[in-house]
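Summary of structural features
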Amino acid sequence: MAEHGSGRVEVHETVAGFRAALEEVRRSGRTVGFVPTMGYLHDGHVSLMREAAVQNDVAVASIFVNPLQFAASEDLSTYPRDLARDLELSGEAGVRHVLHPDVREMYPEPVLTTVSVATITRLFEGAARPEHFAGVATVVAKLFSIAGPCRAYFGEKDYQQLAVVRRMAADLSMPVEVVGCPIVRDSDGLALSSRNVYLSDAQRAAAPALHEALEAVVTAAAAGERNADALRSILVERVSDESEAVLDYAEVVDALTLEPASVIGGEQRVLLAAHFGSTRLLDNVALVTHH
Ligand code: AMP
């Protein structure tokens, strides 16, 4: 255990130490708000931490780049890291305990037990990254098991991930209330992401096209457009206007089941992903309309 951020954050490198600290919090009758992250924190992560600190007596976080959710071809070894800065930001956001285990601490043995969530993982990120959600669900199940009863905060930025985590916690009766939090954006609309540091200047300049495309869909739906294909075309055209961007998927889906919609109406979500060079960026927006 070490202390950082003006002595306010306790860093736990062991699972046992973090678990014991949270048990002590609950034993004294206080509630725990937990924010799992892969570190390299930005204002999106900080917003989750602040929410956890506001809604609970004690806010805690984890910083762990989870190898299980990266494919062999992905950026595991180069994923950006800056622990000292992360601990400063965590402390400022009101976090009191951080779990920062190494890979051997989290996975002392080869993993034989994994968690897989059906149907809602099939499309979108699941199609692009076949093993990804099993890796996410498995590490989040471990983290929930380590943290114990708490509220856990996830960003709508990774909308499909939020749906997967919610469903896993409900299906497996985990004593964790999953709370979704709004997307934090840069001033030009680009959703904050640890991976934005990979963008070249030209790619960074083009990247707000994703948010603009989503806003154009919301505007069209508000003006009465009820044809899902027409809304999809708006996304495709706006993104293909950018020579730096290559569209991966663009879809209007049911907000709960993530099934692609043929008709616009009710609670839906517009999901978008595109490549900017070797970097894949995701974005999404709520679409709430009357039939
Ligand atoms: P990561 O470190 O990328 O695994 O993200 C940790 C958590 O922060 C996840 O719940 C993400 O959805 C959330 N998050 C990442 N970017 C944002 C953002 N721009 N706004 C809100 N939440 C975010």
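Below is a short write-up of the structure. (Residues numbered from 1 in each chain as written. Predicted model: local features only at pLDDT ≥ 70, side-chain atom pairs only at ≥ 80, totals over all residues. Heavy atoms only, no water.)

Re helix H2 (residues 43–55)
The terminal C-alpha atoms of H2, which comprises 13 residues, lie 18 Å apart, in line with the 18 Å expected from a rise of 1.5 Å per residue. Here H2 has its buried residues at Gly44, His45, Val46, Leu48, Met49 and Ala52. (Helix = DSSP H or I, 4+ residues; strand = E, 2+ residues; numbered from the N terminus. Expected span 1.5 Å × (residues − 1). Buried < 20%, exposed > 50% of the residue type's maximum accessible area, 1.4 Å probe, protein only.)

Looking at the sheet that holds strand S9 (residues 266–276)
Here three strands make up an open sheet; going across it, the order is S8-S9-S10 and the pairing antiparallel. A strand with exactly one partner marks an edge of an open sheet, and here the two such strands are strand S8 (245–254) and strand S10 (279–289). Between one strand axis and the next, the sheet turns through 15° on average, direction left out of account. Bridge count between S8 and S9: nine bridges; the pairing is antiparallel. Its bridge partner being in S9, leucine 247 is matched across the sheet by alanine 274. Lying on the sheet, helix H10 (residues 228–240) is in contact with S8, S9 and S10; it crosses S8 at an angle near 160°. (Pairing = 2+ DSSP bridges. Axes fitted to C-alpha atoms, helices over the stretch in contact; angles between N-to-C directions. Contact = heavy atoms within 4.5 Å.)

So, unusual backbone geometry
Peptide bonds are trans in most cases, and residues, glycine excluded, mostly fall at negative phi. One non-glycine residue, tyrosine 40, lies in the positive phi region at around 55°. With respect to the helices, strands and loops of the structure, tyrosine 40 is situated in the loop between strand S3 (32–37) and H2. Assessed through its relative accessible area of 25%, tyrosine 40 is described here as partly exposed. A positive phi angle, near 65°, is found at leucine 258, a position not held by glycine. Among the secondary structure elements, leucine 258 is positioned in the loop between S8 and S9.

Details of the packing of aromatic side chains
The geometry of two aromatic rings is summed up by the distance between their centres and the angle between their planes. What the rule picks out here adds up to five aromatic pairs. With a centroid separation of 6.1 Å and an interplanar angle of 50°, the aromatic rings of phenylalanine 64 and tyrosine 107 are classed as tilted. In this pair, phenylalanine 64 is assigned in the loop between strand S4 (58–63) and helix H3 (83–92) and tyrosine 107 in the loop between helix H4 (103–106) and helix H5 (125–128), connecting sequence segments 43 residues apart. By relative accessible area, which is 11% here, tyrosine 107 ends up buried. (Phe/Tyr/Trp six-rings, centres within 6.5 Å; stacked < 30°, edge-to-face > 60°.)

Here's the deal with the environment of glutamate 74
Residue position: glutamate 74 is located in the loop between S4 and H3. Overall, glutamate 74 belongs to the partly exposed group, its relative accessible area being 24%. Separated by 55 residues in sequence, glutamate 74 and arginine 129 place their C-alpha atoms 9.6 Å apart. In contact with glutamate 74, other than residues within four places in its own chain, are Gln69 and Arg129.

Some remarks on the pattern of salt bridges
According to the stated counting rule, one finds 16 salt bridges in the structure shown. Ionic pairing is found between aspartate 229 and arginine 232, a salt bridge with its closest N-O pair at 2.2 Å. Of this pair, aspartate 229 and arginine 232 both sit in helix H10, separated by three residues, roughly a single helical turn. For aspartate 229, a relative accessible area of 48% translates into the label partly exposed. It is possible to trace a salt-bridge network through shared partners that takes in Glu125, Asp248 and Arg280. (Salt bridge = Lys/Arg side-chain N within 4 Å of Asp/Glu carboxyl O.)

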